[in-house]
Amino acid sequence: MNRVLNKLIWLSVVLIGLVAVYGIAFNRGESISALWFITAAVCIYAIAYRFYAAWIAASVLVIDETRATPAERLDDGRDFVPTNKWVVFGHHFAAIAGPGPLVGPTLAAQFGYLPGTLWILIGAVIGGAVQDMVTLFFSTRRNARSLGQMARDEIGVVGGAAALIGTFLIMVILIAVLGLVVVNAMKHSPWATSTVASTIPIAIIIGFYIRNIRPGKVLEASMIGVILLLAAVVFGGWIDHDANLRVLFDHDGLSLAYAVIAYGFAAAILPVWMLLAPRDYLSTYMKLGTVFLLAVAMLILQPTVKMPALTQFIDGTGPIFGGKLFPFVFITIACGAISGFHALIASGTTPKLIENERDIRMIGYGAMLLESFVAIMAMIAAAVLEPGVFFAINSPAGVVGKEAIDAIAKINSWGFPVTFDQMNQLAKDMGESTLFARTGGAPSLAVGMASIFGSAFGKSMIALWYHFAIMFEAIFILTTLDAGTRVGRFMLQDMLGNIWPKMAQTAWWPSVLITSGIVVAGWGYFLYIGVIDPNGGVNILWPLFGIANQMLAAIALCVATGILVKSGKLKFVWITALPLVWLVTVTSTAAWQKIFSDDVRVGFFAAANDMSAKLAAGLLPPEKAAVAPQLIFNQHLDAYLTLFFVVVLWVVIFDMLRMVGRYLVGKAVLPNTETAYVKSHDI
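Residues numbered from 1 in each chain as written. Predicted model: local features only at pLDDT ≥ 70, side-chain atom pairs only at ≥ 80, totals over all residues. Heavy atoms only, no water.

**Student:** Sorry if this is basic, but what is going on with the overall build of the protein chain here?
**Tutor:** Within the protein chain, the regular secondary structure consists of 27 helices and zero strands. Here the protein chain has a C-alpha radius of gyration of 24 Å; the compact-globule value for 683 residues is 26 Å, and the two agree. Along the longest, intermediate and shortest principal axes, the C-alpha atoms of the protein chain span 70 × 65 × 55 Å. Counting every position in the protein chain, which comprises 683 residues, the buried fraction comes to 61%. Here the analysis covers contacts within the protein chain between residues at least 6 apart in sequence; of these, 84% occur between residues at least 24 apart. Put simply, the protein chain shows about 24,400 Å² of open surface, and 67% of that area lies on carbon and sulfur atoms. Placing the 43 positive and 39 negative side-chain charges of the protein chain at their respective mean positions leaves the two points 8 Å apart. (Helix = DSSP H or I, 4+ residues; strand = E, 2+ residues; numbered from the N terminus. Rg over C-alpha atoms; globule rule 2.2 N^0.38 Å. Buried < 20%, exposed > 50% of the residue type's maximum accessible area, 1.4 Å probe, protein only. Contact = heavy atoms within 4.5 Å. Areas by Shrake-Rupley, 256 points an atom, 1.4 Å probe, with all protein chains shown as cover. Lys, Arg positive; Asp, Glu negative; His and termini not counted. Charge placed at Lys NZ, Arg CZ, Asp CG, Glu CD.)

As structure tokens, this is what we get:
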């Protein structure tokens with residue numbers, strides 16, 4: 001009887017999910033409720049986790065809960081630390097859930113809500129969550145080796161060397177974009193800056209509380225931490241309204257960029273229990289609490305989506321970024337569907353913390369589904385705004401004009417009505433001086449969230465809700481930035497360890513300081529590039545971010561595919577091979593267009609040549625002419641980096657195919673580097 005009831009329940013979930021997806025996909029010309037999006041997502045994720053993830057864990061990976069993990073066998077109190085599964089889940093989710101699930105869907109809304117929503121739902125279940133779980137499993141079975149090192153050990157020296165260098169450089173680009181988004185969100189906003197800054201000492205306090213003051217009292221520490229974080233938002237408002245205090249936190253982009261760089265270096269060298277793990281864990285509470293509160297607000301309000309399913313910008317003429325619907329919607333929405341950055345976390349900090357293999361499904365597959373749900377909420381928050389307001393906030397001044405009157409006229413000419421008074425009142429309501437050209441996606445997402453919260457729980461607090469949303473976004477991003485910097489340090493230590501074994505010792509201080517400094521200097525330069533860009537940095541860095549991120553995912557799936565074949569699981573290889581083929585197609589197409597397109601809003605070389613011609617002809621305004629040489633150099637640099645990433649990807653692919661071919665015909669290949677079975681002492 002129970003089995004029949006169970007089947008009926010899951011059949012109902014399937015039918016409800018199908019109806020919701022149909023409503024989203026085929027609705028035209030009528031208002032559609034945001035509840036359809038939430039319903040479709042919850043049903044699809046529940047089915048995927050219950051059946052697909054469980055089958056992969058049990059039948060493909062064959063997870064063994066009696067096996068000792070690297071955290072148990074190699075416990076050093078710094079990087080390898082057996083950690084409560086909920087703390088690890090919190091760290092992993094916070095580390096992977098950076099700007100991608102928030103900013104990507106927001107930016108992609110320029111195409112309309114439909115393409116991005118479908119990609120988030122399908123891509124996460126079939127691609128993103130699978131990549132995260134299998135990478136976490138394979139790394140855990142190999143002493144928490146990094147992705148690049150696994151490629152070198154399992155596939156071959158050529159492909160492995162390419163993967164090591166490529167993944168490290170890609171990581172540098174990814175972290176730079178994370179920093180750019182948070183800098184744009186905090187720029188000249190004392191409330192946001194003071195609130196975000198306060199999260200650092202709060203995390204350190206909680207780290208010492210859990211480890212030294214009240215060991216093991218995770219729930220108790222969590223409650224204290226969450227209360228302190230909420231208090232930080234309130235105190236941020238007081239600081240913003242105090243003439244003497246607000247100047248201490250009112251900074252331009254470059255000043256904030258230097259502060260973010262300093263924070264990244266500190267997070268990379270301090271013990272993981274002191275800052276990284278407690279900050280990420282507390283951030284997860286704040287993130288999940290906010291997403292849950294947003295879902296409750298939507299249930300109360302049942303807001304209608306105002307953005308059309310498809311806009312005229314699918315042809316590539318969009319103001320936020322150039323490029324047609326295919327392939328750019330797929331590289332714009334990275335972390336919400338599939339993200340190579342996740343593979344770096346899943347082969348970096350997380351496998352060094354897992355206590356038991358049985359937690360891999362929850363942490364690997366489950367955390368990705370949760371992040372995908374965040375992306376759905378971000379899409380809704382963007383789509384419920386009036387389209388004119390959405391484009392006024394996100395369109396850079398270089399596209400719509402520096403003056404508000406010019407921006408208003410331009411946006412109205414696209415058929416999306418918006419007025420100066422409307423934008424002025426909105427900025428006043430949010431406690432900001434202006435919301436025009438606040439590029440990067442974070443400010444418009446905060447406006448959407450604040451509007452929903454304000455309508456549901458009281459408009460009198462809308463400025464508080466806006467800055468709460470900014471803090472929510474900033475801690476999303478900073479937790480990814482600090483974890484990414486630490487993972488970058490691990491990757492560089494792995495690479496240098498192939499030359500000088502001493503450098504591979506993660507606890508050796510000279511290695512820690514040298515590699516952390518190199519990583520931070522690398523992404524710090526690209527952050528500087530974005531900050532000085534007159535167009536807000538998004539146009540120049542986000543496409544490179546998306547391409548690099550998806551190429552990294554393709555490399556991770558290459559490694560996973562090769563290991564599956566070598567492990568005698570050829571019949572299961574489709575679970576990684578299918579998303580791999582799709583990603584290779586998307587990223588190669590996008591890279592080709594970014595390098596060779598004649599459209600100045602798409603091609604890096606085309607944009608550089610256009611700016612060079614205007615500079616020579618004296619057509620650039622003085623402030624733009626001053627930074628033009630640097631921007632021209634950066635466009636060329638981005639083009640060559642994209643070309644390099646494409647070469648790296650295809651080298652890894654061909655080396656993987658070479659290895660698979662040799663294995664299938666019985667020729668010698670590199671041995672499987674999975675560590676020998678050691679029984680856990682907790683069993």
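Still to come is the rest of the account.
**Student:** Explanation requested: the side chain of Ser 347 in the structure shown.
**Tutor:** Inspection of the secondary structure assignment puts Ser 347 in the loop between α15 (340-346) and α16 (360-383). Using a relative accessible area of 2% as the deciding quantity, one classes Ser 347 as buried. Polar side-chain contacts of Ser 347 include one of 3.1 Å to the backbone nitrogen of Leu 147. Once residues lying within four places of it in the same chain are set aside, the contact partners of Ser 347 are Thr 135, Ser 139, Ala 144, Arg 145, Ser 146, Leu 147 and Met 150. (Polar contact = N/O pair within 3.5 Å; in protein donor to acceptor, adjacent residues only side chain to side chain.)

**Student:** What is the right way to read the packing of helix α8 (residues 157-186) against helix α12 (residues 253-269) from this model?
**Tutor:** Any two packed helices are characterised by how steeply their axes cross, that is the angle between the axes, and by the distance between the axes. Put simply, α8 and α12 touch, their axes get as near as 9 Å, and they point 130° apart. The orientation of α8 with respect to α12, classified from their angle, is oblique. Here the hand of the crossing between α8 and α12 comes out right-handed. Counting all contacts with α8, which are made through Gly 179, Val 182, Val 183 and Met 186, the residues of α12 involved are Gly 253, Leu 256, Ala 257 and Val 260. (Axes fitted to C-alpha atoms, helices over the stretch in contact; angles between N-to-C directions. Parallel < 35°, antiparallel > 145°, perpendicular 65-115°, else oblique. Left-handed = near helix turned anticlockwise from the far one by under 90°.)

**Student:** Looking at this structure, how should I read the environment of Ala 577?
**Tutor:** Within the secondary structure, Ala 577 is located in helix α25 (residues 574-596). Residue Ala 577 is classed as partly exposed on the basis of its relative accessible area, which comes to 22%. Counting along the chain gives 16 residues from Ala 577 to Thr 561, while the straight-line C-alpha distance between them is 6.4 Å.

**Student:** Just to check I follow, could you spell out the nonpolar core for this structure?
**Tutor:** Most often, soluble globular proteins keep nonpolar side chains buried together rather than apart. Counting residues in each nonpolar core, the largest one holds 219 residues, and the members touching the most others are Tyr 113, Tyr 365 and Trp 523. Counting residues per element, this core draws most heavily on α8, at 19 residues. Apart from the residues within four sequence positions on either side, Tyr 113 is in contact with Ile 24, Asn 27, Ile 32, Phe 37, Val 305, Met 307, Pro 308, Ala 309, Met 379 and Ala 383. (Core = buried A, V, L, I, M, F, W, Y, C linked by side-chain atoms within 4.5 Å.)

**Student:** Looking at this model, I keep getting lost on the packing of aromatic side chains. Mind explaining?
**Tutor:** How two aromatic rings sit relative to each other is given by the distance of their centres and the angle of their planes. Tallying each qualifying case throughout the model produces 30 aromatic pairs. For the pair Phe 89 and Phe 93, a centre-to-centre distance of 6.5 Å together with 5° between the ring planes defines the contact as stacked. Linking Phe 89 with Phe 93, this pair stays in helix α4 (residues 85-96), spanning four residues, or about one helical turn. For the pair formed by Phe 89 and Phe 93, the shared burial category is buried. An aromatic cluster is present here, built from Phe 313, Phe 390, Phe 391, Trp 414 and Phe 416 joined pairwise through their rings. Positioned above the aromatic ring of Phe 51 is the side chain of Arg 50, whose terminal nitrogen or guanidinium carbon lies 4.7 Å from the ring centre. (Phe/Tyr/Trp six-rings, centres within 6.5 Å; stacked < 30°, edge-to-face > 60°. Lys NZ or Arg CZ within 6 Å of the ring centre and 35° of its normal.)

**Student:** Can you walk me through the pattern of salt bridges in this structure?
**Tutor:** Between side chains of opposite charge, a pair can form when the charged atoms approach closely. Applying the stated criterion across every chain yields a total of nine salt bridges. Among the salt bridges present, the one from Arg 141 reaches Glu 357, with a minimum N-O distance of 2.6 Å. You can see Arg 141 sitting in the loop between α6 (113-140) and α7 (147-154) and its partner Glu 357 sitting in the loop between α15 and α16, a full 216 residues away along the chain. A single burial state applies to Arg 141 and to Glu 357, both of which are buried. For the salt bridge of Lys 614 with Asp 610, the shortest nitrogen-to-oxygen distance reads 3.3 Å. (Salt bridge = Lys/Arg side-chain N within 4 Å of Asp/Glu carboxyl O.)

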